[in-house]
Amino acid sequence: MTVNQMKLLIGGVQLRDGVSTVADLVGRILTRAGLHVLSVERSFASTIYGAHQFDPLVVSAAPLLSWGDRAVDVLVGLEYDSNPDAPQQPNRDTIRQHGGDLVEGGVLLYDSSGGPVNTEALQARGGQVFAIPARDIALRELKKEVVKNLIMTGALFRLLEFDQDERWLRQLLEERFGRKGAAIVDLNLEAARRGRTLVERILEDRRRPSVGYRIEAVRSASPAVYVSGNEALSIGAVEAGVRFYAGYPITPASGILEYMERHLPGYGGRVLQGANERESIRAALGASVTGVLSMVGTSGPGLSLKVEEIGVSGTTETPLVIVDAMRAGPSTGMPTKTEQGDLTLVTGGGHGEIPRIVLAPSTIDECYTLMRDAVRLSDKYQCPVFFLTDLNLSEGRMTVAESVFRSGGASIARHVATEEDVRGARYLRYRLTDSGISPRLIPGQRGGVSKISSTEHDEFGFVTTDPAMRVAQMDKRMRKLHTYLREDAKAPQVYGHLGRGPTLVGWGGTKLALLDARERLRREGTEAAVVHFTHLWPFPTHLAKPLLDTGRPVVVCEHNYSGQFADLVQAHCLVPTRRVLKYNGRTLYPSEVVRAVQEVTHNGAVAVRLGGKDPVMVEVSIDA
Amino acid sequence: MTVNQMKLLIGGVQLRDGVSTVADLVGRILTRAGLHVLSVERSFASTIYGAHQFDPLVVSAAPLLSWGDRAVDVLVGLEYDSNPDAPQQPNRDTIRQHGGDLVEGGVLLYDSSGGPVNTEALQARGGQVFAIPARDIALRELKKEVVKNLIMTGALFRLLEFDQDERWLRQLLEERFGRKGAAIVDLNLEAARRGRTLVERILEDRRRPSVGYRIEAVRSASPAVYVSGNEALSIGAVEAGVRFYAGYPITPASGILEYMERHLPGYGGRVLQGANERESIRAALGASVTGVLSMVGTSGPGLSLKVEEIGVSGTTETPLVIVDAMRAGPSTGMPTKTEQGDLTLVTGGGHGEIPRIVLAPSTIDECYTLMRDAVRLSDKYQCPVFFLTDLNLSEGRMTVAESVFRSGGASIARHVATEEDVRGARYLRYRLTDSGISPRLIPGQRGGVSKISSTEHDEFGFVTTDPAMRVAQMDKRMRKLHTYLREDAKAPQVYGHLGRGPTLVGWGGTKLALLDARERLRREGTEAAVVHFTHLWPFPTHLAKPLLDTGRPVVVCEHNYSGQFADLVQAHCLVPTRRVLKYNGRTLYPSEVVRAVQEVTHNGAVAVRLGGKDPVMVEVSIDA
Amino acid sequence: MPETAQTTRAIWDQNAAPRHRIQWCPGCGDYAVLNAVKAAVTSLELTPSELLLVAGIGCSGQIRNYLNGNSFYGTHGGALAYALGAKMANPELTVLVMAGDGDTLAIGIENFVHACRRDPDITLVLMNNGVYGLTKGQDSPSAGLGQPDWKPSEEHPPFIDPVEVALTCGATFIGQGFSGDPKHAAQLIVEGVRHRGFAVINDFSPCVTYNKVNTYDWFRAHVEPVPASHDPSSKAAAWELVRDFRDRGKLPTGIVYRAAREKGGAAKRLPMWPDELARADVDPLVKRLR
Amino acid sequence: MPETAQTTRAIWDQNAAPRHRIQWCPGCGDYAVLNAVKAAVTSLELTPSELLLVAGIGCSGQIRNYLNGNSFYGTHGGALAYALGAKMANPELTVLVMAGDGDTLAIGIENFVHACRRDPDITLVLMNNGVYGLTKGQDSPSAGLGQPDWKPSEEHPPFIDPVEVALTCGATFIGQGFSGDPKHAAQLIVEGVRHRGFAVINDFSPCVTYNKVNTYDWFRAHVEPVPASHDPSSKAAAWELVRDFRDRGKLPTGIVYRAAREKGGAAKRLPMWPDELARADVDPLVKRLR
Ligand SMILES: Cc1ncc(C[n+]2csc(CCOP(=O)(O)OP(=O)(O)O)c2C)c(N)n1
Ligand SMILES: Cc1ncc(C[n+]2csc(CCOP(=O)(O)OP(=O)(O)O)c2C)c(N)n1
Ligand code: SF4
Ligand code: SF4
Ligand SMILES: [Mg+2]
Ligand SMILES: [Mg+2]
């Protein structure tokens, strides 16, 4: 019996079958029941309707270490008909695409309304199959198609021997539908009951009281919530003091715009859905000019359109937090697939040289905690601060203790000068200072006017091309980065002992896979260390080089083609890197990392490319 | 007597005084007279009227090695009144700003119409001063203000003992004004004569027949022209086969747009002044889709706005040549000052990973010769090709033998498939090939349709997120770069012997300064080598590393703050670099390079920053 | 080389079946646009290789995958500018742009305005559903139509009408259709393609998933054909018509304005093949620099 | 804290002298705009610290250096969007945008159209000279005015009239002035600033260096005041006026349209100081996620 440790995968036809609805319901209820849920491999299409969608949920009693590999314990197929691409075959994408990933003894639950599916092969491998005609029952008996999902949920919970007294489900339904009347709650509960009963009956027929997987509620010390990265970072921003948000809809950043539209006005803020990417960032810059903490969010294509404004933020010294929720590029690319392909753009994009800071959270809870830093640094250094998430982090959900959100406290201390601060000396918006940070009055305040300028300027803000003043201003702006490196840069997180074996290097959302891989390598006798970066730019050479320059192979694992972070490591630390690269739109798996490390350490590979037709492609020389 | 070897500097009030008119006239006539002229330090303001403008011209009998240092032999001040910033002082910016650069025994010629200037200090240093009231004479005697410039030209020519028979001047004036009638030619010649006479009289007064500088016409083997980089690259593009050009006015790329508007239609082409940066590049992409060789030109701010389209070119595999005439950034920066600050943007800009090629000519003649490569490579590899010039190269002018322009020949061989080529096999726009290059039919041709797509696609061009196909297409696109590295990448040019002393590394427009510095170092006993790159990206590691990994200091000299090329060298060659950086908007001088090399080799500097308040700032550690 | 109508249709039929699984929501107005375009190109006897379909990014943009013919898919908002360049370079291609209201009127408004001015001989089918469909239903610049109670603010401004903008900015053909009547839409497209200049066809194409106001029923209650008496060649009449319909709370369907503009500019494909380019001699350019 | 008119003027005087050397060509129309803006802010009794001047990029944009007051200078075409955000964040600031016709109507047309829709309480002084002055005289989107023989092509399209575009897209105040009459222009700016909404003032500001058609003399021969009988609060009347002037080959000067729109949206400065932000408690947000 496996208790409280499993991977569920829920699949179905996008929009029609309610995959996210069911997945979120399950995730939320299990979170309430004291379990930990992680769902970052969510897969949906960049069309609204009709494609296969699926949502893998890892469930555990302990805080989650990893999303594991492809292997699935419990598969739930919500679709009820045949695949239009292969109509002759009455099976469904959930079974077709994921059946092969089912573990021995795993469970398949599917809606057999459209007819049964041939699952012999699956059963031969020990799969336990439960076919229930959920949609038929919903339509014929309950007269409401959408409750098919509650039938499936009830069936799933019965399989997992969970919530048999309906306690958790009832409570959630009441909260959600209570206002619409008891009848609707009852209907949903009735649907769940039907599902339960159907499974009950099959189990009885098979004389097996259990499928071998069980979820048990856990008493947990602190309440927790089931939250997406977009939500977490938005809360962090609101708390830190952001009061102007602008965005233009784009996957996977739209969630921030929607969240902010709903909630920021309640905190006295305003939210602009720009008519395009440029209007968004420009309006945010305008708002920031008035002293309001401002933020924009976008993804690759939107960021490319905002590039000119990065320079405006940097040169005018107007603070701005820029969230880039990365998706697979280049160009339109794969809009609903994850990638870490924008690092070079955020560290180097824009003509000329722009002072900027780049942070990347590695987990969903860090989306919240690190956002405070992003807001604070933008205000302190009066420059653009990038906050790099990816589709998995932004759209993924995870159980996070509520106490995490109470760690932040009051808004950040502001770095805006007052009339008093500037009294005495003549106020100069671009005063040359040792730190590179100049006093900043805001328009509307007394004490001096600010000539804020994207052209090169003198200390007052007037345009100049005087060579010495140009150099002085350029140096001043860039000096902020030195101040940042001294005062605010954080060293990468180190796991394990450096120098005993290969060093796995990562940044952003791959962290949990690297930690899992490290465990697995250890079990196989390889002592790997993990060095994981959140503070990416300016590159913290003084903190990183001592960690990486150990003589052991440095294996940088990234979701992109070229190894963008590895290039930074090489450029700044002059340490050779090996690269583990995955850019097929899917999440990096620990097993892939393990295999790649073996290729690197035993076979001398300089780069391992994952997830193509051949799962591993090894390059032994970087030169063409 | 110095013959045929000097630096002239012509200054005046922008727009009003006709600085460029005089400078171009002189440059052109001396070129016709068989001399070599180089004018790449041109300085003008980013306002239309009223600022100080100047144009230094280096003249030599031999092909030019260098623009030398700040030192000036002959100074010509066209302005006739006092500087509004310092009205109490009746001297002028040309004298104020450049008088100090005059060599001992140098010559100052200025228009004294507004009153004489106190030039005692200058004379004390041996300066020979010639004050002539050119504007007064033009207004009072010749009744036409603009001929004041011909008076000054005549005076200058007399000082240089050149064209005393008016042969060259008359010919040019006749060509230029002949259509407007002989009277106007005569008036101009008369003006020149007055200038000559005035100087004549002063020399007689001083009983000095000569000022010690002389220009003598040289019989040259082949005729030459006086050409700007923008003109040279435009001619290269027309010759290679470009028939669609689009741009949006921006300094210093506007010259290409203007040249193309004037001349491309004569070759059957069309030129679009886009309503903005995006319309320009998109229209050029649309034209390229139809098979026409297409090009856009812009500078930093425009390029930043075009970033999203770089990915479109790369992913849709639509050829495009993108000229980036760099100016000082970031943001609006210093629009009329030179810089090499966009390298990171062109090699890495754009979200996701984009196949692209970056070339940078190092001299004005190379603007022509290298353009053919740019056009050819864009067509062959079906990707964006950047052509990086800078303000000095684009707006600068140089004497180039006409034979250089005859080296090109016919248009490039096209890489467009015909109906026959694709017959047999089904036409697949994105066929997976070993070279990474797919056959390309163009819309309108028979044999198959092209589904050209910026989303990830299958071989036919239909959108896909299939992980293996994604990897296959990504690898295919990037494989082009490997093919390029094998078949087309050019090694950097090497001057001198590697390994005997420091290696000076450069790219683009700094070459002549590096070669000059190498000579000077040699004279001082230091054997430096110069390694100069034109083919910057994909970085030719296999060609560069063997040259740079000699154990000797690698000193990368660039016009930017951070050492963008040095970062590339470090990332790809794992060779530590020292950096000589100048970003004050002015040209790099050989003397500065010499001094910086000394700092690096003797004082262990890792970076030398030039051109600030203190002319040399030395960093001995790169860590903050 | 002109082909016979029969061959044309044969080629078309052969390729017209979408190889690509259609992923619009059942009932989406875009199905009707697809049918209208198919009908139009068939009746125009255009082969797939003579066509260049340029699509915007959005649910609407998917249409490129469901039609045979060369197609180009670039960035959100850019379709008209790619199309402009393509048509300038090769006037022999029939260039059809299909894009959503978000694509055309929000991020792409700059290209829309300037295309109206430039008047290239291309046809735009603006698939107008009042929302950003593909990003899940946010307001587009045409959101608010049919909502007189809309309370405007900086965040939620009133909608703009592409017909009025096109009239103001100089488009030479302006038509309006509705996915409830794909036959009429097909006729409009045929007329648009035949028109020698920029043809704007605003096609109301309901988003059944995210736009709960501008439904088929709503449109049926609000569209009204342009009266037969209307003189589309008169700009004054066009403005009169637009104002009259607006005042009556109705949406005209049909041709609102059509007046070809006499234009300069080349009408031939630009040189691109080696034999066409070989003639180039830059010597005169060099000589001018002497 | 309101100041007395005297203090205001004192502050203004004290700062109004340009510290920056003016680098417009002698005779440039922009001098008159500068004087008009100075006169307007003085008569509005605005202190430099209450002002936010947002400038476009162009010869016109230099004006920011010649005026006292906070200013912001960003990218070419972006002025209206920065101004929008600034005004949304701090409605207490007087936000004045000064930009050229290239900046506003070419690269910035998207912001112009959407600003008209959003109707923020800002005033745009469009310094219209028919050319890109700063880049040395290329055609802007208003090039062609007064050239009836203009032969349009894709490359050289007809001009657009910002007044008509503003009317179409929903601007709530539209005025037109001329640098030959800076007093009138100053009045327009005063009215524009007083207007609660987006005020578009198209000011013809001759470029003496590059525009040889639309000279002072040409304008003097073509401008004509809006008749006193005109009712600017009527959109129909505004259209009528515009059409009438166009037909007569004249350019109206004065207020063409003025009709404030009732709008939702905050009118207070957004929280930004620590004490204003301290109150924020995100607990309710977290609880909603349970
Ligand atoms: C630069 C950029 N920003 C945002 C997006 C995300 N995006 C894709 S489609 C779309 C809106 C589509 O709306 P519309 O054009 O009306 O088409 P519809 O889906 O309604 O047919 C957006 C914002 C993108 N692809 N590129
Ligand atoms: C992105 C970008 N593209 C191009 C330019 C170059 N540029 C500067 S001003 C200008 C045009 C100015 O015209 P207009 O707005 O009419 O102002 P004017 O000079 O006529 O007052 C251009 C194209 C730029 N600064 N930034
Ligand atoms: S979301 Fe709307 S526009 Fe998109 S396919 Fe569905 S119905 Fe059509
Ligand atoms: S170029 Fe024209 S717009 Fe610019 S300053 Fe001179 S006259 Fe004015
Ligand atoms: Mg839409
Ligand atoms: Mg202008």
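Residues numbered from 1 in each chain as written. Chains lettered and ligands numbered in written order. Predicted model: local features only at pLDDT ≥ 70, side-chain atom pairs only at ≥ 80, totals over all residues. Heavy atoms only, no water.

Draft legend 1. Inspection of the relation of the copies chain A and chain B at higher detail. It takes a turn of 180° to lay chain A on chain B, together with a shift of 0.0 Å along the axis; the resulting RMSD is 0.1 Å. Read as a symmetry element, the transformation amounts to a two-fold axis. Distance from the rotation axis, computed per C-alpha, reaches its smallest value in chain A at A571(A): 1.9 Å. Both copies present the same face, since 100% of the interface residues in chain A are matched by interface residues at the equivalent positions in chain B. (Least-squares fit on C-alpha atoms with pLDDT ≥ 70 in both. Contact = heavy atoms within 4.5 Å.)

Draft legend 2. Focus on helix α8 (residues 229–240) of chain A. Residues and elements named next belong to chain A. The first and last C-alpha atoms of α8 sit 16 Å apart over 12 residues, in line with the 16 Å expected at 1.5 Å per residue. Taken together, the buried positions of α8 are occupied by G229, N230, E231, A232, L233, S234, I235, G236, A237, V238, E239 and A240. One or two steps after α8, the chain reaches G241, where phi turns positive at roughly 125°. (Helix = DSSP H or I, 4+ residues; strand = E, 2+ residues; numbered from the N terminus. Expected span 1.5 Å × (residues − 1). Buried < 20%, exposed > 50% of the residue type's maximum accessible area, 1.4 Å probe, protein only.)

Draft legend 3. Structural context of the site of ligand 4. Inspection of the region around ligand 4 gives I48(B), W24(D), C25(D), C28(D), C59(D), N129(D), C207(D), V208(D), T209(D) and Y210(D) as its neighbouring residues. Residues lining ligand 4 come from chains B and D. The residue inventory of the shell around ligand 4, partitioned by class, reads eight nonpolar, two polar and no charged. (Near = heavy atom within 4 Å. Nonpolar A, V, L, I, M, F, W, Y, C, P; charged D, E, K, R; others polar.)

Draft legend 4. Layout of the nonpolar core. Core analysis: the largest hydrophobic core is formed by 184 residues, its most contacted members being F565(A) and F565(B). With near-sequence residues (within four places) excluded, F565(B) lies in contact with L343(B), V505(B), W507(B), F533(B), L536(B), F539(B), V556(B) and E558(B). By size, the runner-up hydrophobic cluster in this structure holds 68 residues, among which are L293(B), I364(B), L481(B) and V286(C). (Core = buried A, V, L, I, M, F, W, Y, C linked by side-chain atoms within 4.5 Å.)

Draft legend 5. Fine view of the sheet that holds strand β10 (residues 251–258) of chain C. An order of β17(B)-β2(C)-β1(C)-β3(C)-β4(C)-β8(C)-β7(C)-β10(C)-β9(C) is seen for the nine strands of this open sheet, with the pairing classed as mixed. Edge positions in the open sheet fall to β17 (451–453) of chain B together with β9 (223–225) of chain C, since each of these has one partner strand only. Pairs of neighbouring strands in the sheet enclose a mean axial angle of 20°, with direction left out of account. In this structure, β17(B) lies alongside strand β2 (residues 70–73) of chain C, joined through three bridges in parallel fashion. Bridge pairing in β2(C) links K451(B) to S71(C). Each of β4 (123–128), β7 (173–178), β8 (199–204) and β10 of chain C touches helix α7 (residues 162–169) of chain C; the most contacted strand, β7(C), lies at about 175° to it. In the packing of helix α8 (residues 182–194) of chain C onto the sheet, contacts are made with β3 (94–100), β4, β7, β8 and β10 of chain C, and the angle to β7(C) comes to roughly 165°. (Pairing = 2+ DSSP bridges. Axes fitted to C-alpha atoms, helices over the stretch in contact; angles between N-to-C directions.)

Draft legend 6. Region of interest: the coordination of the magnesium ion (ligand 6). Residues and elements named next belong to chain D. Coordination of the magnesium ion (ligand 6) by the protein involves D101 (OD), N129 (OD1) and V131 (O), with metal-donor separations of 2.1 to 2.2 Å. For the magnesium ion (ligand 6), all donor residues lie on one chain, and their spacing in sequence is D-x27-N-x1-V. Separated by 30 residues along the polypeptide, D101 in helix α5 (residues 101–107) and V131 in strand β5 (residues 131–132) bring together distant segments of the chain. (Donors = N, O, S within 2.8 Å, 3.2 Å for Na, K, Ca; no water.)

Draft legend 7. The arrangement of the interface of chain A and chain B in detail. Listed as interface residues are 68 residues of chain A and, on the opposing side, 68 residues of chain B. Linking chain A with chain B are two salt bridges. Residues E339(A) and R470(B) are paired through a salt bridge, measuring 2.5 Å at the closest nitrogen-oxygen approach. If you list the elements that add at least two residues to the side of chain A that touches chain B, you get α11 (300–316), α12 (343–348), α17 (467–487), α19 (541–548) and α20 (564–573) of chain A. By residue number, the principal contributor to the side of chain A that touches chain B is α17(A), which donates 10 residues. (Salt bridge = Lys/Arg side-chain N within 4 Å of Asp/Glu carboxyl O.)

Draft legend 8. Main features of the domain arrangement of chain A. Residue and element names in this part refer to chain A. Partitioning chain A into structural domains gives domain 1 (2–214), domain 2 (226–405), domain 3 (419–487) and domain 4 (493–620). On a C-alpha basis, the centroid separation for the pair domain 1 and domain 2 is 34 Å. At the interface, 16 residues of domain 1 touch 13 residues of domain 2. Taking both sides of the interface into account, the surface hidden between domain 1 and domain 2 amounts to around 1,200 Å²; carbon and sulfur atoms contribute 54%. (Domains from an automatic or database assignment. Buried area = accessible area lost by both parts, 1.4 Å probe.)

Draft legend 9. Local environment of the sheet that holds strand β24 (residues 607–610) of chain B. All names here are of chain B. Sheet architecture is open: seven strands sit in the order β18-β20-β19-β22-β23-β24-β25, paired in mixed fashion. Here the strands that pair on one side only, and so sit at the sheet edges, are β18 (493–495) and β25 (616–619). For this sheet, the mean inter-axis angle between neighbouring strands, taken without regard to orientation, is 20°. In terms of strand pairing, strand β19 (residues 503–507) meets strand β20 (residues 529–533) through five bridges, oriented parallel. Looking at β20, one finds that T503 is bridged to A529. Packed on one face of the sheet, helix α18 (residues 511–523) meets β18, β19, β20 and β22 (554–558) and runs near 175° to β20.

Draft legend 10. Examining the packing of aromatic side chains more closely. Under the defined criterion, the tally for this structure stands at 35 aromatic pairs over all chains. Note on F539(B) and F565(B): the rings are 5.9 Å apart at their centroids and 45° apart in plane angle, and the pair reads as tilted. With F539(B) in the loop between β21 (535–537) and α19 (541–548) and F565(B) in helix α20 (residues 564–573), this residue pair connects regions lying 26 residues apart in the sequence. For F565(B), a relative accessible area of 0% translates into the label buried. Taken together, the ring pairs connect F178(C), F204(C), Y216(C), W218(C) and F219(C) into an aromatic cluster. The residue whose ring lies beneath R609(B) is Y561(B), and the NZ or CZ to ring-centre distance is 4.0 Å. The residue whose ring lies beneath K136(C) is F44(A), and the NZ or CZ to ring-centre distance is 5.5 Å. (Phe/Tyr/Trp six-rings, centres within 6.5 Å; stacked < 30°, edge-to-face > 60°. Lys NZ or Arg CZ within 6 Å of the ring centre and 35° of its normal.)

Draft legend 11. Examining the site of ligand 2 more closely. Around ligand 2, a shell composed of 22 residues is seen, among which E277(B), C59(D), D101(D), G102(D) and D103(D) lie nearest. E277(B) places a side-chain nitrogen or oxygen 2.5 Å from a nitrogen atom of ligand 2. Within the backbone of V131(D), an N or O atom sits 3.0 Å from an oxygen atom of ligand 2. Notes on ligand 2: free accessible area 580 Å², of which the protein chains cover 98%. (Polar contact = N/O pair within 3.5 Å; in protein donor to acceptor, adjacent residues only side chain to side chain. Areas by Shrake-Rupley, 256 points an atom, 1.4 Å probe, with all protein chains shown as cover.)

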